[in-house]
Amino acid sequence: MFCKYCGKQIDDEGGSFCPYCGKHLLENCPPAGSPAQPPPYPAPRYNLQDLPNGGWTVLGFFFPLVGFILYLVWQTTFPIRSKLCGKGALIGVIAEVVLVVLYIIVIFVIIAAASASYRYGQP
Ligand SMILES: [Zn+2]
């Protein structure tokens, strides 16, 4: 067989280490020259229950106050959940503000239209 690291021919019975480069021959490593493997994903520091779940965003959207409280409570224990809740709460608050603004605009338009028609309706 040939060493997959240095390419030298080695006796199959020579052992599990290459006598030329000293690499372990049975190790399942990428061949030499291939790009270095990305560093392993950092070990999870948080709870395994802290998995991404769109439900938390939906909860935060419909109950922004609950989402915001959960965001603060879970910030350290469940960072992923906390972020999803916070995102949902933020979207929910923005959506509600937009709805309120639209509602006010609609009321103003109705009042303006009503007063205009009242004025023009006068003889
Ligand atoms: Zn070798």
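Keep in mind that what you see is a predicted model, and the values were worked out from it rather than measured. All residue numbers refer to positions counted from 1 along the written sequence of the respective chain. Restriction of local features to residues with pLDDT of at least 70 applies here, the model being predicted, together with a cutoff of 80 or more for giving and counting side-chain atom pairs; totals for whole chains, interfaces and linings are based on all residues. The side-chain figures draw on all heavy atoms in the structure; neither hydrogens nor water molecules are used.

Q: Is there a simple way to explain helix H2 (residues 64–74) in this structure?
A: Structural remark: α-helix, 3.6 residues per turn; residues separated by three or four positions point the same way. For H2, the full list of buried residues reads Pro 64, Gly 67, Leu 70 and Trp 74. An end-on view of H2 places all buried positions within 125° of arc, on one side of the element. Turned more than 90 degrees away from the buried face of H2, the exposed residues are Leu 65 and Val 73. In this scheme, a residue with accessible area under 20% of its type's maximum is buried, one over 50% is exposed, and one in between is partly exposed, where area comes from a 1.4 Å probe on protein chains only. Helix numbering and strand numbering both begin at the N terminus, where a helix is a DSSP run of H or I of at least 4 residues and a strand a DSSP run of E of at least 2. The arc in question is the one spanned by the directions pointing from the helix axis to the C-beta atoms.

Q: Looking at this structure, I do not really get the nonpolar core. What am I missing?
A: To define a nonpolar core, start from buried Ala, Val, Leu, Ile, Met, Phe, Trp, Tyr and Cys residues and group those joined through side-chain atoms within 4.5 Å. Ranked by size, the top nonpolar core spans five residues in total: Cys 3, Tyr 5, Ile 10, Cys 18 and Leu 25. A contact between two residues is defined here by any heavy atoms of the two lying within 4.5 Å. With near-sequence residues (within four places) excluded, Ile 10 lies in contact with Met 1, Phe 2, Cys 3, Cys 18, Pro 19 and Leu 25.

Q: Sorry, what's going on with the coordination of the zinc ion here?
A: Each pair of donors in an ideal four-coordinate tetrahedral metal site encloses 109.5 degrees, whereas pairs in an ideal six-coordinate octahedral site enclose 90 or 180 degrees. Sites may look incomplete, because water is not among the atoms used; the donor set itself consists of N, O and S atoms within 2.8 Å of the metal (3.2 Å for Na, K and Ca). Looking at the metal site, the zinc ion is ligated by Cys 3 (SG), Cys 6 (SG), Cys 18 (SG) and Cys 21 (SG), spaced 2.2 to 2.3 Å from it. Only four donors with every angle between 85 and 135 degrees are called tetrahedral; only four or six donors with opposite donors over 155 degrees apart and all others between 65 and 115 are called square planar or octahedral, in that order; all others are irregular. Note that the zinc ion binds four donor atoms; their angles at the metal cover 104 to 118°, and the shape is tetrahedral. Each donor residue of the zinc ion belongs to the same chain, and together they define the spacing C-x2-C-x11-C-x2-C. Using a relative accessible area of 3% as the deciding quantity, one classes Cys 3 as buried.

Q: What am I meant to see in the UniProt feature "transmembrane region" (unreviewed entry) in the protein here?
A: Under the UniProt annotation, the feature "transmembrane region" (unreviewed entry) is placed at residues 54–74 and 94–118. As annotated, residues 54–74 comprises 95% helix and 0% strand, and the C-alpha atoms at either end are separated by 16 Å. UniProt positions are given in the numbering used here, feature names are shortened, and annotations may be inferred rather than shown by experiment.

Q: Explain the side chain of Ser 82 to me, please; I cannot follow it from the model alone.
A: Tracing the backbone through its elements, the reader meets Ser 82 in helix H3 (residues 79–121). Leave out the neighbours within four places in its chain, and Ser 82 touches Tyr 71, Trp 74 and Gln 75.

Q: I keep staring at the packing of helix H1 (residues 54–62) against H2 and nothing clicks. Help me out?
A: Two numbers describe a pair of packed helices, the interaxial angle and the distance between the axes. Where H1 meets H2, the closest approach of the two axes is 5 Å, and the angle between their N-to-C directions is 130°. Taken as axis vectors, H1 and H2 run oblique relative to one another. Where H1 abuts H2, its residues Trp 56, Leu 59, Gly 60, Phe 61 and Phe 62 lie against Pro 64, Val 66, Gly 67, Leu 70 and Trp 74. Orientation is described by lines fitted to C-alpha atoms, with helices fitted over the stretch in contact, and by angles between N-to-C directions that extend from 0 to 180 degrees. Here the word oblique covers every angle except those under 35 degrees (roughly parallel), over 145 (roughly antiparallel) and from 65 to 115 (roughly perpendicular).

Q: Looking at this structure, I do not really get the packing of aromatic side chains. What am I missing?
A: Pairs of aromatic rings are described using the distance from one ring centre to the other and the angle between the two planes. Classification of ring pairs uses Phe, Tyr and Trp, with its six-membered ring standing for Trp, and accepts pairs whose centres are within 6.5 Å; under 30 degrees between planes counts as stacked, over 60 as edge-to-face, and the remaining range as tilted. In this structure the tally under the stated criterion is four aromatic pairs. Their ring planes at 25° and their centres at 6.3 Å tell us that Phe 68 and Tyr 71 sit as a pair that is stacked. Residue Phe 68 and its partner Tyr 71 are located together in helix H2, separated by three residues, close to a single helical turn. A relative accessible area of 45% places Phe 68 in the partly exposed class. Three or more aromatic residues link up through ring pairs in this structure, and these residues are Trp 56, Trp 74 and Phe 78. Note that Arg 81 overlies the ring of Trp 74, its terminal NZ or CZ placed 4.7 Å from the centroid. Here, a charge over a ring means that NZ of Lys or CZ of Arg falls within 6 Å of the ring centre while also lying within 35 degrees of the ring normal. In this structure, Arg 81 packs its charged tip against the face of Phe 78, placed 4.3 Å from the ring centre.

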